[in-house]
Number of protein chains: 2
Amino acid sequence: MADISPSRWDDQSAVPEVVVGRLPQYVRVLKELLSDGVEVANSQQLGQQLQVTPAQIRKDLSYFGRFGKQGRGYSVRRLLDELQQILGLNEQWNVVVVGVGRLGKAILSYPGFTPDGFHIVAALDNNPSLIGQEVEGVKVRAVEELDAVVKAQNITIAVVAVPVRFTQQVIDKLVECGIRAILNYAPTSPQVPESVKIRSIDPVLSLQSMTYYLTNGSE
Amino acid sequence: MADISPSRWDDQSAVPEVVVGRLPQYVRVLKELLSDGVEVANSQQLGQQLQVTPAQIRKDLSYFGRFGKQGRGYSVRRLLDELQQILGLNEQWNVVVVGVGRLGKAILSYPGFTPDGFHIVAALDNNPSLIGQEVEGVKVRAVEELDAVVKAQNITIAVVAVPVRFTQQVIDKLVECGIRAILNYAPTSPQVPESVKIRSIDPVLSLQSMTYYLTNGSE
DNA sequence: AGAAGATTGTGAACGAATTCTCAAATCATA
DNA sequence: TATGATTTGAGAATTCGTTCACAATCTTCT
Ligand SMILES: NC(=O)c1ccc[n+]([C@@H]2O[C@H](COP(=O)([O-])OP(=O)(O)OC[C@H]3O[C@@H](n4cnc5c(N)ncnc54)[C@H](O)[C@@H]3O)[C@@H](O)[C@H]2O)c1
Ligand SMILES: NC(=O)c1ccc[n+]([C@@H]2O[C@H](COP(=O)([O-])OP(=O)(O)OC[C@H]3O[C@@H](n4cnc5c(N)ncnc54)[C@H](O)[C@@H]3O)[C@@H](O)[C@H]2O)c1
């Protein structure tokens, strides 16, 4: 009767993915509080900022440990440190951008990644007239050099900004050479093995999910 | 003892928000199939593309009607039409961009919105040297003209691309003048009344939720 | 036309996520 | 040091979302 393998690989007290998804938001709020000079915050206050119930915040944090003090709340600095530790935000993450067109260039020039530990250390394209150019201090290299670049510069994360029709093949290559996390900007849902993490950014999907409410909302 | 009002305002057979969030993805896949000349698809095939179980797709669609044929599947064209109808994608949505800096300009020049019915018809900024300039065929106007512009051009959706510290005040103004949906690019979680829909796009949050797995994944 | 095969739509079962609740811990004050 | 006011952490209860399972229906093949 024992059907599927009794010792599962990931589960047990695994942290739900939704919870992990909220931690970075907590980090953002805590950073803001810290730079406003706030030293202590309770779950009520934190929740208010993010439109989340206090209970949810406490439950989320309880997956990782006991960071608060009864009757008082959380030390902003302490909680921030703990969460950054948990999320691996103390390390420096090296990132490669694939596709240095209009969007790729915009990403290279966005200053928002570096303060959070994400360093764009390489850029690849397959357009000969781009290769060799320097963009925002990063030299554009041929996409064939992917493997060498990833190894040489210890890269674990890729940002993909190529046209839709090339996205899957580019991502296949990235997976092949050991990239473990991908941020995809092309409007498609690429397939990756479950050992590789992927997130897509698509403003059109966001807009379309809102128009539903504009159309059917209050009539 | 009866505390909160007994007749709730929205509920009953309301469609869960997660379901609405998946519909645009279905639309995207159906468009792809259509342009590949595929006329019929079953829930299995659709699910494969999106890494979703066939049962989920059928259950999602069942909130809105009965669009399939047993033993056969769904007519791609028919289902696409129905979903676009449901999401309000047949209408043309007029959009205003607030903040015409580096990101704002990039958004104005992104050709991906128009094919899906989102037309950027106005752009606002508060930098005098930008006002009056024309960017991608749209004249930049003073942010004080917001109300007039929204009314005159029948705008319901706003895209916000201003620095973090101005985001909340800009959004308050947008809400005040009747904007019903907001796409926010600033790395913050703005407060809006629940009658207004808001989505935020923040690549750093996406990256941070992945590093958790890179750090704690397989060791 | 009839039988075999495919696939939907949906109630019921299950599983996951959120919220409730309250004992235990801490703080503030006198 | 005792009292009252807060607030956490975490099990229990509840709500929400997904998957199962199968009757109903359509297609295809002979
Ligand atoms: N999510 C967003 O907010 C957003 C915004 C803009 C664009 N996009 C998407 O990003 C992608 C790129 O858009 P863009 O405007 O920069 O296009 P673009 O044409 O300006 O740039 C694409 C670049 O990719 C390169 N490229 C093509 N195939 C490649 C390959 N196999 N390997 C490496 N490089 C390759 C091209 O040489 C080009 O430089 C598109 O899919 C677009 O839809 C998304
Ligand atoms: N989510 C993303 O992918 C992403 C990418 C890049 C930038 N960003 C964010 O977008 C925002 C803008 O970034 P940017 O690089 O374009 O900055 P920027 O400084 O180039 O542009 C900001 C523009 O907003 C205008 N502005 C300021 N206050 C305003 C107000 N009250 N009303 C109207 N306009 C106002 C400024 O005049 C300027 O033109 C920032 O919050 C940044 O963090 C997000």
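The shown structure was predicted, so the numbers you read here are calculated from the model rather than taken from an experiment.

Asks: Can you help me understand the pattern of salt bridges in this one?
Replies: Between side chains of opposite charge, pairing is possible as soon as their charged atoms come close. Residue and element names in this part refer to chain A. Under the defined criterion, the tally for this structure stands at 16 salt bridges over all chains. Notably, a salt bridge pairs Arg199 with Glu17, separated by 3.5 Å at the nearest N-O pair. Of the two residues, Arg199 sits in strand 10 (residues 197–200) while Glu17 sits in helix 1 (residues 17–35), which places them 182 residues apart along the sequence. A relative accessible area of 46% means that Glu17 is categorised as partly exposed. Residues Asp147 and Lys151 are paired through a salt bridge, measuring 3.3 Å at the closest nitrogen-oxygen approach. Within this pair, Asp147 and its partner Lys151 are both found in helix 6 (residues 146–152), separated by 4 residues, close to a single helical turn. Given the relative accessible area of 54%, Lys151 is considered exposed. When salt bridges with common partners are traced through the structure, they connect Glu17, Lys197 and Arg199 into a single cluster.

Asks: Before we go on, may I ask you to explain helix 1 of chain A in this structure?
Replies: For an α-helix, 3.6 residues make a turn, and residues three or four places apart therefore share a direction. Look at helix 1 of chain A: 29 Å from first C-alpha to last across 19 residues, which is about the 27 Å you get at 1.5 Å a residue. Among all positions of helix 1 of chain A, only Val19, Val20, Arg22, Leu23, Pro24, Tyr26, Val27, Arg28, Val29, Leu30 and Leu33 of chain A are buried. Buried-residue contacts for helix 1 of chain A involve strand 1 (40–41), helix 2 (43–50), helix 3 (54–62) and helix 4 (76–87) of chain A together with helix 8 (203–216) of chain B. Gly37 of chain A sits one or two positions beyond helix 1 of chain A and adopts a positive phi of about 80°.

Asks: Just to check I follow, could you spell out the interface of chain A and chain B for this structure?
Replies: Quoted interface sizes are often the accessible area lost when the parts come together. The interface of chain A with chain B comprises 58 residues on the first partner and 58 residues on the second. Of the roughly 5,300 Å² buried between chain A and chain B, counting both surfaces, carbon and sulfur atoms make up 63%. Where chain A touches chain B, the interface holds 2 salt bridges. Among the ionic pairs, Asp202 of chain B bridges to Arg28 of chain A, the shortest N-O distance being 2.9 Å. Scanning the region where chain A abuts chain B turns up 18 residue pairs in polar contact (both at pLDDT 80 or more).

Asks: What should I look at first to understand empty space enclosed by the protein in this one?
Replies: Where empty space is left in the structure can be found by rolling a water-sized probe over the atoms. On inspection of all chains with the given rule, the structure shows 2 cavities of 30 Å³ or more. Taken together, Tyr26, Val29, Leu30, Leu46, Leu50, Ile57, Leu61, Leu79 and Leu83 of chain A form the lining of the largest cavity. Each residue belonging to the lining of the largest cavity can be placed in one class, and the counts come to 9 nonpolar, no polar and no charged. What the second largest cavity holds in volume is close to 30 Å³. Lining the second largest cavity are Tyr26, Val29, Leu30, Leu46, Leu50 and Ile57 of chain B. Put simply, the parts of the chain that give the lining of the second largest cavity at least two residues each are helix 1 (17–35) and helix 2 (43–50) of chain B. Ranked by residues supplied to the lining of the second largest cavity, first place goes to helix 1 of chain B with 3 residues. For the lining of the second largest cavity, the residue count by class is 6 nonpolar, no polar and no charged.

Asks: Got a minute to help me understand the side chain of Asn184 of chain A in this structure?
Replies: Residues and elements named next belong to chain A. With respect to the secondary-structure elements, Asn184 resides in strand 9 (residues 181–184). What makes Asn184 buried here is its relative accessible area of 0%. Within polar-contact distance, the side chain of Asn184 engages the side chain of Ser200 at 3.0 Å. If sequence neighbours within four positions are ignored, Asn184 has contacts with Val160, Thr167, Pro190, Ile198, Arg199, Ser200 and Ile201.

Asks: What is the right way to look at the site of ligand 1 in this model?
Replies: Not every one of the 23 residues close to ligand 1 is listed here, only the nearest: Arg102, Leu103, Asp125, Val162 and Ile201 of chain A. Mapping the residues near ligand 1 onto chains gives chains A and B. At a separation of 3.0 Å, an oxygen atom of ligand 1 approaches a polar backbone atom of Arg102 of chain A. Between ligand 1 and Val162 of chain A there is a distance of 2.9 Å, counted from an oxygen atom to a backbone nitrogen or oxygen. Coverage of ligand 1 by the protein chains reaches 83% of its 850 Å² of free accessible surface. Of all the elements in the fold, those that place two or more residues in the shell around ligand 1 are helix 5 (102–109) and helix 7 (164–176) of chain A. In terms of residue class, the shell around ligand 1 is built from 17 nonpolar, 4 polar and 2 charged.

Asks: I would appreciate a short explanation of helix 3 of chain A in the present structure.
Replies: Residues and elements named next belong to chain A. Within helix 3, burial applies to Ile57, Asp60 and Leu61. An end-on view of helix 3 places all buried positions within 95° of arc, on one side of the element. Taken together, the buried residues of helix 3 touch helix 1, helix 2, strand 3 (73–75) and helix 4.

Asks: Where do I start with the relation of the copies chain A and chain B in this structure?
Replies: Note: a rotation about an axis with an accompanying shift along it relates these two copies of the chain. Between chain A and chain B, which share one sequence, the superposing operator has a rotation angle of 180° and an axial displacement of 0.0 Å; the RMSD is 0.1 Å. Expressed as a symmetry operation, the mapping of one chain copy onto the other fits a two-fold axis. The fraction of interface residues of chain A whose copies in chain B are also interface residues reaches 100%, indicating that both copies meet through the same surface.

Asks: I keep staring at the protein's contact with DNA strand C and nothing clicks. Help me out?
Replies: Every one of the 25 residues lining DNA strand C counts as a neighbour, but Thr53 of chain A together with Ser43, Arg58, Gly68 and Tyr74 of chain B are closest to it. Between DNA strand C and the protein, one listed contact pairs a base nitrogen with a side-chain N or O atom of Arg58 of chain B at 2.8 Å. A distance of 2.9 Å is found between a sugar or linking oxygen of DNA strand C and a backbone nitrogen or oxygen belonging to Gly71 of chain B. At the level of elements, helix 1 and helix 3 of chain A together with helix 3 (54–62), strand 2 (68–69) and strand 3 (73–75) of chain B are the ones that each hand at least two residues to the surface near DNA strand C. Split into classes, the residues belonging to the surface near DNA strand C amount to 4 nonpolar, 11 polar and 10 charged.

Asks: Teacher, can you tell me more about the sheet that holds strand 4 (residues 93–98) of chain B here?
Replies: Strands in a sheet are paired, the pairing made by backbone hydrogen bonds, and the direction either parallel or antiparallel. All names here are of chain B. Strand order in the open sheet made by the 7 strands is 6-7-5-4-8-9-10, with mixed pairing throughout. Only two strands of the sheet have a single partner each, and these edge strands are strand 6 (134–135) and strand 10 (197–200). The pairing of strand 9 (residues 181–184) with strand 10 spans 4 bridges and is parallel. Bridging across to strand 10, Ile182 finds its partner in Ile198. Sheet contacts for helix 7 (residues 164–176): strand 4, strand 8 (157–160), strand 9 and strand 10; angle to strand 8, the most-contacted strand, approximately 170°.

Conventions used here
Residue numbering note: each chain is counted from 1, following its sequence as written. Lettering of chains starts at A and numbering of ligands starts at 1, both following the order in which they are written. Under the rules for a predicted model, residues below a pLDDT of 70 receive no local features and side-chain atom pairs below 80 are neither given nor counted, while totals for whole chains, interfaces and linings still include all residues. As a rule here, side-chain values come from all non-hydrogen atoms in the structure, and water together with hydrogens is ignored. The term salt bridge refers to a pairing of a side-chain nitrogen on Lys or Arg with a carboxyl oxygen on Asp or Glu at a separation within 4 Å. Each helix corresponds to a stretch of at least 4 residues labelled H or I by DSSP, and each strand to a stretch of at least 2 residues labelled E; elements are numbered beginning at the N terminus. Relative accessible area decides the class of each residue, using a 1.4 Å probe on protein chains only: under 20% of the type maximum gives buried, over 50% gives exposed, and in between gives partly exposed. Each residue after the first adds 1.5 Å to the expected span of a helix. Should any heavy atoms of two residues lie within 4.5 Å, those residues are counted as being in contact. The quantity reported as buried area is the accessible area (1.4 Å probe) lost by two parts once they are put together, taken as the sum for both. In protein, a polar contact means a hydrogen-donor-capable atom and an acceptor-capable atom, both N or O and within 3.5 Å, with residues adjacent in sequence counting only if both atoms are side-chain atoms; elsewhere, any N or O pair within 3.5 Å suffices. The rule is simple: put a 1 Å grid over the protein atoms alone, call a set of points where a 1.4 Å probe fits but cannot get out a cavity, call an open set with protein on both sides within 12 Å along at least five of seven lines a pocket, and count a residue as lining if it has an atom within 4 Å of a point. Grid points are joined across faces, edges and corners, and a volume is the space filled by probe spheres set on the points. Gly falls in the polar group here, along with every residue not listed as nonpolar (Ala, Val, Leu, Ile, Met, Phe, Trp, Tyr, Cys, Pro) or charged (Asp, Glu, Lys, Arg). Residue proximity to a molecule or strand is established when one non-hydrogen atom of the residue lies within 4 Å of it. To be clear on the numbers: accessible area is Shrake-Rupley with a 1.4 Å probe, and residue cover counts the displayed protein chains and nothing else. The arc in question is formed by the directions pointing from the helix axis toward the C-beta atoms. Superposition of the copies used a least-squares fit over C-alpha atoms from residues whose pLDDT is at least 70 in both. Think of it this way: DSSP has to see at least two bridges between two strands before they count as a pair. Lines fitted to C-alpha atoms define the axes here, with helix axes fitted over just the stretch in contact, and angles between the N-to-C directions of these axes take values from 0 to 180 degrees.

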